[in-house]
Amino acid sequence: MKIFHTADWHLGKLVQGIYMTEDQNYILNQFVAEVEKEQPDVVIIAGDLYDRAVPPVDAVHLLDKTLDKIIHGLNIPVLAIAGNHDSPGRLHFGSGLMKENGYHVTGKLSTELEPVILKDSFGEVHFHFIPYTDPSTVRTIFKNDEIITHDDAAKYIINKIRENMAPHARHVAIGHAFVTPFGEERENTSDSERPLSIGGAEYVDAHHFKIFDYTALGHLHQAHYVLDEKIRYSGSPLKYSISEENHKKGFLIVELAENGEVCVEKRHLYPLRDMRRVKMTIEQIFNENRSDDYVFVQLMDQTPVLSPMEKVRSIYPNAMHVERAQVSPISLKDEDSIPKTKMNEMELFHAFYKEVKGEGPSEEAIEIIKTIMDELNKEEHKEVKAK
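Labelled according to an unreviewed UniProt entry, the protein appears under the name Nuclease SbcCD subunit D, originating from Oceanobacillus kimchii. Turning to the protein, the UniProt record has this under Sequence similarities (unreviewed entry): "Belongs to the SbcD family." Under Function (unreviewed entry), UniProt gives the following word-for-word description of the protein: "SbcCD cleaves DNA hairpin structures. These structures can inhibit DNA replication and are intermediates in certain DNA recombination reactions. The complex acts as a 3'->5' double strand exonuclease that can open hairpins. It also has a 5' single-strand endonuclease activity."

Peer 1: Sorry, what's going on with the pattern of salt bridges here?
Peer 2: A full pass over the atoms with the stated rule returns 16 salt bridges. Across the pair Asp51 and Lys13 runs a salt bridge, and its minimum N-O distance is 3.5 Å. You can see Asp51 sitting in the loop between strand S4 (42–45) and helix H2 (57–73) and its partner Lys13 sitting in the loop between strand S1 (2–6) and strand S2 (14–15), a full 38 residues away along the chain. The class for Lys13 is buried, based on a relative accessible area of 8%. The salt bridge partner of Lys239 is Asp274, with a shortest N-O separation of 2.7 Å. Taken together, the residues span a long stretch of sequence, with Lys239 in the loop between strand S14 (228–233) and strand S15 (250–256) and Asp274 in the loop between strand S16 (262–268) and strand S17 (275–280) at a distance of 35 residues. A residue is classified by how much of its surface remains accessible, and Asp274, at 25% relative accessible area, is partly exposed.

Peer 1: When you look at a nonpolar patch on the surface in this model, what are you seeing that I'm missing?
Peer 2: A surface patch of nonpolar side chains, amounting to about 290 Å² of accessible area, comprises Ile368, Ile372 and Leu376. Residue placement: Ile368 occurs in helix H10 (residues 363–386). For Ile368, a relative accessible area of 47% gives the class partly exposed.

Peer 1: Before we go on, may I ask you to explain helix H1 (residues 21–38) in this structure?
Peer 2: Every α-helix winds through 3.6 residues per turn, so residues three or four apart in the chain are directed the same way. For H1, which comprises 18 residues, the first-to-last C-alpha distance of 25 Å matches the rise-based estimate of 26 Å (1.5 Å per residue) to within 8%. Looking at the residues trailing H1, positive phi occurs at Gln39, about 50 degrees.

Peer 1: For this particular structure, what's the right way to read the sheet that holds strand S5 (residues 78–81)?
Peer 2: Note: strands within a sheet are paired through backbone hydrogen bonds, in either parallel or antiparallel orientation. Ordered by their spatial adjacency, six strands build an open sheet running S6-S5-S4-S1-S15-S16, and the pairing between neighbours is mixed. Strands at the two margins of the open sheet, each flanked by one partner only, are strand S6 (103–106) and S16. Taken over all neighbouring pairs, the strand axes of this sheet differ in orientation by 20 degrees on average, direction set aside. With three bridges joining them, S4 and S5 adopt parallel strand pairing. Bridge pairing links Val43 to Val78 in S5. In the packing of H2 onto the sheet, contacts are made with S4, S5 and S6, and the angle to S5 comes to roughly 145 degrees.

Peer 1: Sorry, what's going on with the packing of aromatic side chains here?
Peer 2: Aromatic rings in a pair are described by how distant their centres are and how their planes are angled relative to each other. Overall, the coordinates contain seven aromatic pairs when judged by the stated rule. With a centroid separation of 6.5 Å and 40 degrees between ring planes, the pair formed by Phe209 and Phe212 is classed as tilted. Neither residue differs from the other here; Phe209 and Phe212 are each classed as buried.

Peer 1: Mind showing me how you'd approach the sheet that holds strand S18 (residues 294–299) here?
Peer 2: Here three strands make up an open sheet; going across it, the order is S17-S18-S19 and the pairing parallel. Strands with a single pairing partner mark the edges of an open sheet, and in this sheet they are S17 and strand S19 (321–324). Shown here is a sheet whose adjacent strand axes are inclined to one another by a mean of 15 degrees, direction ignored. Across six bridges, the pairing between S17 and S18 is parallel. Each residue of the ladder has a partner; that of Arg276, found in S18, is Val295.

Peer 1: Explain the pairing of S4 to me, please; I cannot follow it from the model alone.
Peer 2: On any regular strand, side chains alternate: one points to one face of the sheet, the next to the other face. Of the two faces of S4, both are covered, the one formed by Val42 and Ile44 as well as the one formed by Val43 and Ile45. Sheet topology note: the S1/S4 ladder contains four bridges and is parallel. Among the inter-strand pairings, Phe4 is bridged to a residue of S4, identified as Val43. What joins S4 to S5 is H2, and the crossover it makes is right-handed.

Cut-offs applied
Residues numbered from 1 in each chain as written. Predicted model: local features only at pLDDT ≥ 70, side-chain atom pairs only at ≥ 80, totals over all residues. Heavy atoms only, no water. UniProt positions renumbered as here; feature names shortened; annotations may be inferred. Salt bridge = Lys/Arg side-chain N within 4 Å of Asp/Glu carboxyl O. Helix = DSSP H or I, 4+ residues; strand = E, 2+ residues; numbered from the N terminus. Buried < 20%, exposed > 50% of the residue type's maximum accessible area, 1.4 Å probe, protein only. Patch = residues over 30% accessible without salt bridge, like charges linked within 9 Å, V, L, I, M, F, W, Y side chains within 5 Å. Areas by Shrake-Rupley, 256 points an atom, 1.4 Å probe, with all protein chains shown as cover. Expected span 1.5 Å × (residues − 1). Pairing = 2+ DSSP bridges. Axes fitted to C-alpha atoms, helices over the stretch in contact; angles between N-to-C directions. Contact = heavy atoms within 4.5 Å. Phe/Tyr/Trp six-rings, centres within 6.5 Å; stacked < 30°, edge-to-face > 60°. Right-handed = clockwise from strand over helix to strand, strands pointing away.

Quick look at the structure:
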């Protein structure tokens, strides 16, 4: 069976005040073209279809259009679960009706835990849905007060699935969680993804998923496997933060063999606009070719640049952020702590220079400012005498 594994579409995403809908439409058109070309048996979306519980209308229309192309246009079923950004109730609405047409979506966890069963030439493949659910909700649904953490919840749900797993079938899990090799704390792959809980309670032990032939995960935005090559994150199809600058975005093509062995291929998708850092002086930027990429600019100029965003956007019209290069922290001396109201002209100049450039003025700069101040003082004295 050929499976397309994708996740974390985050439709309706707003990055630095810019809606990503146009970029998402572009990348999903690429994805649909790959679906048409490869003709998989099923498409999995492992959570975070939307970026927030109440998505913008354009995001809803984009999801509807994309699913219609895949399900009705290409006659390929789609299996989807809710992620932590989705509204479980909204995503689950109408799921009973939609499954008749090939869209199997689970927003809300239930005690039944019945799999979706698809068939290929080798027999049945059972797909088990484990949507993102807060441990307190799992505790209430299953009436088990021992479920405290996300790991507790995942372990309990998977054990319940294990009780009814058909021995003759192959089994695929679809989950949305922060899974690490032993449930230990790990750094997120992107700062655009919000934590699932406070402290170490969000991490899930990958060993729970060893009973499945393949586990399709969502939540972390960089594609990678955890513990075992059969437990995988597809990553997001687009960069949603500059922390994802070096990610290679795309989706996974999973070939599930008769004996349950899997072969996984990463297929790249190419964005309408890249998201990247630019580290240059303003003069160097002016010598660059115009680009529509989403850039985060670090200006290397030694002197302040007036209206920096306006200047940068003459070359990078979609620039998202501009900042000056960081300088080493300044160690305060006794004279640095003098209130500005008690500083003389030269002390004020020293303080201003340090504040702007992060270091004291050079001897040459001091001589220049002294000359200017002397000239100003002379002019002032002339005016006083004239009066």
